[in-house]
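Observations on the model geometry
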Protein chains: 4
Amino acid sequence: MANTQKPINVAILGATGAVGQRFIQLLEGHPWFRVAELVASERSAGKTYSEAARWVLSGNPPADLAAQEVLPLDADLQSPLVFSALPGDAAKEVEWRLAGAGHVVCSNASAYRMQPEVPILLPEINAEHAQLIKVQRQKHGWSGGIATNSNCTAAPVAMALAPLRPFGIEAVQVVSMQAVSGAGYPGVPSLDIIDNVVPYIGGEEPKLETEPRKMLGALAGDQIKFLDCVMSATCTRVPVLDSHLVSVSVRFSHDVSEDNLRDAWTAFVGPDPVPGLPSAPESPVVVRSEPDRPQPRRDRDTGNGMSTVVGRIRPCPVMGGWKFLALAHNTVRGAAGCSILNAELLVENGYL
Amino acid sequence: MANTQKPINVAILGATGAVGQRFIQLLEGHPWFRVAELVASERSAGKTYSEAARWVLSGNPPADLAAQEVLPLDADLQSPLVFSALPGDAAKEVEWRLAGAGHVVCSNASAYRMQPEVPILLPEINAEHAQLIKVQRQKHGWSGGIATNSNCTAAPVAMALAPLRPFGIEAVQVVSMQAVSGAGYPGVPSLDIIDNVVPYIGGEEPKLETEPRKMLGALAGDQIKFLDCVMSATCTRVPVLDSHLVSVSVRFSHDVSEDNLRDAWTAFVGPDPVPGLPSAPESPVVVRSEPDRPQPRRDRDTGNGMSTVVGRIRPCPVMGGWKFLALAHNTVRGAAGCSILNAELLVENGYL
Amino acid sequence: MANTQKPINVAILGATGAVGQRFIQLLEGHPWFRVAELVASERSAGKTYSEAARWVLSGNPPADLAAQEVLPLDADLQSPLVFSALPGDAAKEVEWRLAGAGHVVCSNASAYRMQPEVPILLPEINAEHAQLIKVQRQKHGWSGGIATNSNCTAAPVAMALAPLRPFGIEAVQVVSMQAVSGAGYPGVPSLDIIDNVVPYIGGEEPKLETEPRKMLGALAGDQIKFLDCVMSATCTRVPVLDSHLVSVSVRFSHDVSEDNLRDAWTAFVGPDPVPGLPSAPESPVVVRSEPDRPQPRRDRDTGNGMSTVVGRIRPCPVMGGWKFLALAHNTVRGAAGCSILNAELLVENGYL
Amino acid sequence: MANTQKPINVAILGATGAVGQRFIQLLEGHPWFRVAELVASERSAGKTYSEAARWVLSGNPPADLAAQEVLPLDADLQSPLVFSALPGDAAKEVEWRLAGAGHVVCSNASAYRMQPEVPILLPEINAEHAQLIKVQRQKHGWSGGIATNSNCTAAPVAMALAPLRPFGIEAVQVVSMQAVSGAGYPGVPSLDIIDNVVPYIGGEEPKLETEPRKMLGALAGDQIKFLDCVMSATCTRVPVLDSHLVSVSVRFSHDVSEDNLRDAWTAFVGPDPVPGLPSAPESPVVVRSEPDRPQPRRDRDTGNGMSTVVGRIRPCPVMGGWKFLALAHNTVRGAAGCSILNAELLVENGYL
């Protein structure tokens, strides 16, 4: 099926939802990919995209896509590359079927993240994990494959920790302050969040305590050896539209100075060919020195929303290590943007 | 000077500011205290209160006080009891002078909190610290005295930890999500906080890492022996009007079960005569069992804003202990309400 | 069926929704009424109230009701008085059936507001409309009856205009800024309203252009003669939790001075027995003189949420009359609180 | 002094404030103008820009300007073109002096807007008013001149009304919902605006009732003949960061259909050379057809923040004409962006 002459046609699953919309927005004018198929649930199928989708981002969907017919989830897709913004249950069935039918699926869903032969790709930190696609093909007889991106809160945590792996990460405490867009649309009722914080997000803390360990792990044969560290997470929802802020405290096995941390973050770029991919930010990790940054509204668009912004580096007397704040745009770096970068890596690696 | 026949006349220093207003609001109809003197900076002195103060709470100031003339900071006050909502520098000079002139000053300012002979009173947890007033009188030849209440974020931390002291508190990590009213009026600009979090509050983290240790300490002769534990704090500002939410992780020297924690909190009432004081809440610590509580807007008025609400009790794999959320109303329990309760204790103890 | 010895048992239809919860909150400790039956849709029926309802107000539901079983909409209710917080379609069927079965239904639903023999009661301004209950009984052979309260935005408009009827109201322009609680729960998604205004509320403007004319009309035989004035409305949703603010411009047939307006509002109390009813506010209309009031957060609780607050009275050069701002609490005066006051009037008038 | 070979050097007065920052942001990469001089009050002068300015927009100031020294208000400026974001009093003195010294001042301040020989330029609707610069030069013996842009709320009103002038605008009612950035920084305290609306903005309503009449007027000899219509304004502040939304009702002397309105808006482009200026939006007025638009957050960036977005066109029974909503970005179209477009027009017209 694959025709990888660029532009490569792509399908978007769950195209009408909040993350689906972000896929459409970010793929407008993409140098390699062309949105060819919009796929959504039965309720939307058969309508034009503008009829089916309540556009929640700024401005409008691209005019050509607005007029395009939405396909059902069981459509016979033609695009070699598929982006999935499906909810859990639908993702489980559809993504597996499409991978078997020869599509490369870059998924934002959590369904297969912890499946041993499926990578949680964050190219700057674990591009080598893409080789699990070969394991999938061998094991399941597929010509396609599935690559996931991480939970939207795990993204800034893993990205901020990755350059620090040489210092021996032993333990990590995370408290998140997450944006409402992380819950999709309609998502968080305004009656719950105006003048309020909701200190609970269903199912989020266990993800945050495991996914980063897989992402930060090393490829060992046909699976990932998780990073050997202990993590503890508390997740809260705050009245912010986009981007998740995390307070992180780390204990290292090595002696580490503040300069060591800064230098590691500043020097971090990720392995070839990642820095040259179209969606890769110039600096995967940006360190700010002002006393009151990073801030969600003022820093979320750093690197077109693909950078993780770190600041407020201070010793942590309890961990005997360091604490800092980190932030990433949850629907860009933590969702659609990361899936697109993952797809670019898979194209460059020849999986498509 | 003292005339402690009730009602006792009180003066409010810094009466026009946000905490000063909360003093006025909470003292309306108080069974023991009667607001007799309103004191503020030069800019306000000589005006009526309604001219001088931009009322930022709901409704209106009491009509009799609205028409009362505001006195200057150097006025010769007649009230035996003084509540201070002054900013740091002014507090330092004025509170000391008034204590020397025979007034009992219950202060919300930070100026003297760490002074060895000045207690940070939170009556349910350290009523015995009130005895430091005697030390002050002896040392400075005063007939008055100074009692402070804690930083508004330290209040829920100390209150939640106090019932857990028997389990051997060794280490505490705190991440706060604080309301904008904590910065007073005009305080936090709306351009900084709408759709945003500001992960920094000047001078707050050091207070949060020391004040609870003094509050939780034991009176040893003429000073306080701080609780021997290590604390680490990260303070953030969120778009919430009132009440500070804190995520707390604790390591204990003893083995502790979730039931141990619940039981300790639920049984906690504080020593006599505290539970019978007019402003004491029925339950100093209220434990909620819903998965998504405590929430600032929905829980801040528990116990008329004087209770600390705790929830989301979970093991912390990093600390090897427990983590939970705690919340208290920052301008009631964390400021004016606590000062009033402190004053009630001092009256009952005969210091006034 | 009727047993009007107080306390009178009441049933709440739609008890689990946002307005239903407000009914429960406001009826706690009511001197005449006792909540005996909680009724909701099939999804909730059979569960206890605390299982069925996600409490969105502050604090908790009363403990005795929390444990009570929720009844289905087709239950054989025993309470002579029924408060309805049902959505439109359900209200249409159930309220009619209950009125026929001898219940007095005080409804917050819009289903029967424009029915000629059904009053839209706002007791201070149109207590005489209650006589339509007799018309209903005669026409339909009922022993019960239906009284509605107005749309939540029409309430402050009608209340502010009522005292001005003697000046000859000819034309009224209204622009509303409405709270999110007006849309119920889950209602307005936070992604739609944080840092935003939505200048549209489905079906709201036609209601606002007709209901006040019925409410302000005169009883003429067995129906209401609408107030003869022309109204124009624009309705918007703003990021406010509770209370609707309206900008109103009026043209009068008489010459009117600012003092005339102030005097009319200040003197307004409503006819006997309304001022003595348990839920009647001391002042139905409160005039504020500050340049920047009324404000939703600071004025919504005036008169326990039952007063309409008016301010910023200025000549309108376009209308040749006056313009002002008015505000009322949408889920109290504009919904549950008004229904309760209506019921008190009906009891006092002997309809129950 | 003038050296109008492009790029033209420009100075920014009040460079550290919120509007000054927007000037810097919008001028980054401008094809004609180069920011050469940053000017601010004594408090900032002598510091580098990054020391003096607390950057409140997203991201960072351009690196070269961040390191540049801020000049005092009485500096001897070299730039032929000056953008002024000064507060009223400072603007009055400094702008007059600079115009006399040969600079062309494009001002966002209100000081000279109602001065007969000073235009309030909105190029698409009144480019001919630029000829008042000649009147200024003749009258005051200047080689420079002053052009203002309108109040930020008057901008969308004037822009939406301009294409409707042929229909005979007789009367206009406006109710505004304005963003907090309109008050500058620190501006509106968060304690005033979270969960609230403030229905008052000092001095704003009189501006809104006069400035549009000047802007929409015709050049008659050496002054502007104001549009002969009556205007009434109510101004409110809502919890929105950027862009002012206005509800407008208009009475026309002609019969007008909805199609007439749509056609007039859609066809509107402004006279040559305006459509070709670098900052001119493709469509000065964009009409949206969704029932719930325009919305501040979703529409403010239309045309890079330079378009006025109109929607919800409905007959107004009170005015006997039409009502609609209009929106423009207050710190772009209503401030810095408009000043830059004005400057482009003055360059193209040869005044510089």
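Everything numeric in this text was worked out from a predicted model, so none of it was measured.

Reading guide: rules and limits
Residues numbered from 1 in each chain as written. Chains lettered and ligands numbered in written order. Predicted model: local features only at pLDDT ≥ 70, side-chain atom pairs only at ≥ 80, totals over all residues. Helix = DSSP H or I, 4+ residues; strand = E, 2+ residues; numbered from the N terminus. Buried ≥ 20, exposed ≤ 12 C-beta atoms within 10 Å, placed from the backbone. Contact = placed C-beta atoms within 7 Å. Nonpolar A, V, L, I, M, F, W, Y, C, P; charged D, E, K, R; others polar. Pairing = 2+ DSSP bridges. Axes fitted to C-alpha atoms, helices over the stretch in contact; angles between N-to-C directions. Core = buried A, V, L, I, M, F, W, Y, C linked by C-beta atoms within 7 Å. Least-squares fit on C-alpha atoms with pLDDT ≥ 70 in both. Expected span 1.5 Å × (residues − 1). Bend = angle between axes of the 7 residues up to and from the residue. Parallel < 35°, antiparallel > 145°, perpendicular 65-115°, else oblique. Left-handed = near helix turned anticlockwise from the far one by under 90°. Domains from an automatic or database assignment. pLDDT = per-residue confidence, 0-100.

A count of helical and extended segments in chain A gives twelve helices and 13 strands. Across its three principal axes, chain A shows a C-alpha extent of roughly 60 × 50 × 30 Å. Counting over 352 residues, chain A shows a buried share of 61%. Contacts in chain A between residues far apart in sequence, at least 24 positions, make up 74% of those at least 6 positions apart.

Counting residues at the interface gives six residues for chain D, matched by seven residues for chain A. The residue makeup of the side of chain D that touches chain A, split by class, is one nonpolar, two polar and three charged.

Glancing now at the sheet that holds strand 10 (residues 244-252) of chain C. Residues and elements named next belong to chain C. The six strands are arranged 9-6-10-13-12-11 in an open sheet whose pairing can be described as mixed. Unpaired on one side and paired on the other, strand 9 (230-237) and strand 11 (285-287) mark the two borders of the sheet. Shown here is a sheet whose adjacent strand axes are inclined to one another by a mean of 25°, direction ignored. Contacts from helix 9 (residues 204-215) reach strand 6 (169-178) and strand 9 within the one sheet, and its direction differs from that of strand 9 by about 140°. Against the sheet, helix 10 (residues 258-267) engages strand 11, strand 12 (308-316) and strand 13 (321-328), with an angle of about 140° to strand 11.

Here we take up the nonpolar core. Counting residues in each nonpolar core, the largest one holds 489 residues, and the members touching the most others are Ile12(A), Ile12(B), Ile12(C) and Ile12(D). In this structure Ile12(B) touches Gly20(B), Phe23(B), Ile24(B), Val35(B), Leu38(B), Val39(B), Phe83(B) and Ala85(B), once residues within four positions along its chain are discounted.

The next thing to look at is the relation of the copies chain B and chain A. After a rotation of 180° and a shift along the axis of 0.0 Å, chain B superposes on chain A with an RMSD of 0.0 Å. Such a combination of turn and shift is consistent with a two-fold rotation axis. Within chain B, Pro239(B) has its C-alpha nearest the rotation axis, a separation of 3.2 Å. Interface overlap between copies is the fraction of interface residues in one copy that are interface residues in the other; for chain B against chain A it reaches 100%, indicating a shared surface.

A separate point is the sheet that holds strand 9 (residues 230-237) of chain A. All names here are of chain A. Taken together, six strands build an open sheet; the order of strands is 9-6-10-13-12-11 and the sheet is mixed. Of all strands in the sheet, those with a lone pairing partner are strand 9 and strand 11 (285-287), marking the two edges. The mean angle between the axes of side-by-side strands here comes to 25°, regardless of whether they run parallel or antiparallel. Where strand 6 (residues 169-178) and strand 9 come together, eight bridges link them in parallel fashion. The residue of strand 9 that forms the bridge with Ala171 is Val230. Its contacts with the sheet put helix 9 (residues 204-215) on strand 6 and strand 9, and the angle it makes with strand 9 is roughly 140°. Sitting on the sheet, helix 10 (residues 258-267) touches strand 11, strand 12 (308-316) and strand 13 (321-328), and the angle it makes with strand 11 is about 140°.

A word on helix 12 (residues 332-348) of chain A. Residue and element names in this part refer to chain A. In this model, helix 12 (17 residues) spans only 21 Å end to end at C-alpha, well below the 24 Å of a helix rising 1.5 Å per residue. The largest bend in helix 12 is about 50°, located at Cys338. Counting buried positions along helix 12 gives 16 out of 17 residues, so the element sits mostly inside the fold. Residue Gly350 follows helix 12 closely and has a positive phi angle near 85°.

Moving on: the relation of the copies chain D and chain A. For the pair of chain copies, the relating operation is a rotation around an axis with a shift along it. Least-squares fitting of chain D to chain A yields an RMSD of 0.0 Å, with the transformation described by 0.0 Å of translation along the axis and a rotation of 180°. Mapped onto chain A, 100% of the interface residues of chain D are again interface residues, and the two copies thus contact each other with one and the same surface.

With that settled, the discussion passes to unusual backbone geometry. Between Asp272(A) and the following residue, Pro273(A), the backbone shows a cis peptide bond with an omega angle of 5°. Here Pro273(A) is to be found in the loop between helix 10 and strand 11. Backbone torsion omega between Arg293(C) and Pro294(C) reads 10°, so that peptide bond is classified as cis. Counting through the fold element by element, Pro294(C) comes out in the loop between strand 11 and helix 11 (296-299). Positive phi outside glycine occurs at Arg312(B), with the angle close to 55°. Looking at where Arg312(B) falls in the secondary structure, it is placed in strand 12 (residues 308-316).

In this section: the packing of helix 7 (residues 154-161) of chain B against helix 9 (residues 204-215) of chain B. Residue and element names in this part refer to chain B. It is at 9 Å that the axes of helix 7 and helix 9 come closest, and there the two elements cross at 40°. Accordingly, the angle class assigned to the pair helix 7 and helix 9 is oblique. In the packing of helix 7 onto helix 9, the handedness of the crossing is right-handed. Contacts between helix 7 and helix 9 involve Ala154, Val157, Ala158 and Leu161 from the first element and Lys207, Leu208, Glu211, Pro212 and Met215 from the second. A per-class count over the contact of helix 7 with helix 9 returns seven nonpolar, no polar and two charged.

All names here are of chain B. Inspection of the secondary structure puts Ala326 in strand 13 (residues 321-328). Taking the C-alpha atoms as reference points, Ala326 and Leu164, separated by 162 residues in sequence, lie 14 Å from one another. Filtering out sequence-adjacent residues up to four positions away, Ala326 remains in contact with Pro156, Val157, Ala160, Val246, Val248, Thr308 and Val310.

So, on to the domain arrangement of chain A. Residue and element names in this part refer to chain A. Taken domain by domain, chain A comprises domain 1 (8-151 + 336-348) and domain 2 (154-329). If you average the C-alpha positions of domain 1 and of domain 2, the two centres end up 24 Å apart. The interface is formed by 31 residues belonging to domain 1 together with 30 residues belonging to domain 2. Of all the secondary-structure elements, those providing two or more residues to the side of domain 1 that touches domain 2 are helix 5 (123-126) and helix 12. In terms of residue count, the dominant contributor to the side of domain 1 that touches domain 2 is helix 12 (seven residues).

Across chain A, pLDDT averages 96, with 99% of residues at or above 70. Across the interface, the model reports ipTM at 0.95; the global pTM reads 0.96.

With that out of the way, let us pick up the environment of Leu241(D). Checked against the element boundaries, Leu241(D) lands in the loop between strand 9 (230-237) and strand 10 (244-252). For the pair Leu241(D) and Asn149(D), spaced 92 residues apart in sequence, the C-alpha separation works out to 21 Å. For Leu241(D), the residues in contact, after removing those within four places along its chain, are Leu191(B), Ile194(B), Asp195(B), Asp195(C), Ala179(D), Val180(D) and Ser181(D).

Okay, the pairing of strand 5 (residues 145-148) of chain A next. All names here are of chain A. Where burial is concerned, the two faces of strand 5 agree: the one with Gly145 and Ala147 and the one with Ile146 and Thr148 are both buried. Examined bridge by bridge, strand 4 (residues 104-107) and strand 5 share four bridges and lie parallel to one another. Across the sheet, Ser107 pairs through a bridge with Thr148, a residue of strand 5.

Another aspect to go through is the packing of helix 1 (residues 18-27) of chain D against helix 12 (residues 332-348) of chain D. Residue and element names in this part refer to chain D. The contact between helix 1 and helix 12 brings their axes to 9 Å, and the two run at 50°. Accordingly, the angle class assigned to the pair helix 1 and helix 12 is oblique. Of the two elements, helix 1 crosses helix 12, and the hand of that crossing is right-handed. Of helix 12, the residues touching helix 1 (which contributes Val19, Arg22, Phe23, Leu26 and Leu27) are Val332, Ala335, Ala336, Gly337 and Ile340. Taken together, the residues that form the contact of helix 1 with helix 12 break down as eight nonpolar, one polar and one charged.

With that settled, consider the pairing of strand 10 of chain C. Residue and element names in this part refer to chain C. Counting buried positions over the nine residues of strand 10 gives nine, a clear majority of the element. Across the two faces of strand 10 the burial is the same, with His244, Val246, Val248, Val250 and Phe252 and Leu245, Ser247, Ser249 and Arg251 all buried. Pairing geometry for strand 6 and strand 10, over eight bridges, is antiparallel. Considered in strand 10, the bridge of Ala171 is made with Arg251. With seven bridges joining them, strand 10 and strand 13 adopt antiparallel strand pairing. Pairing of His244 across the sheet is with Ala328, part of strand 13.

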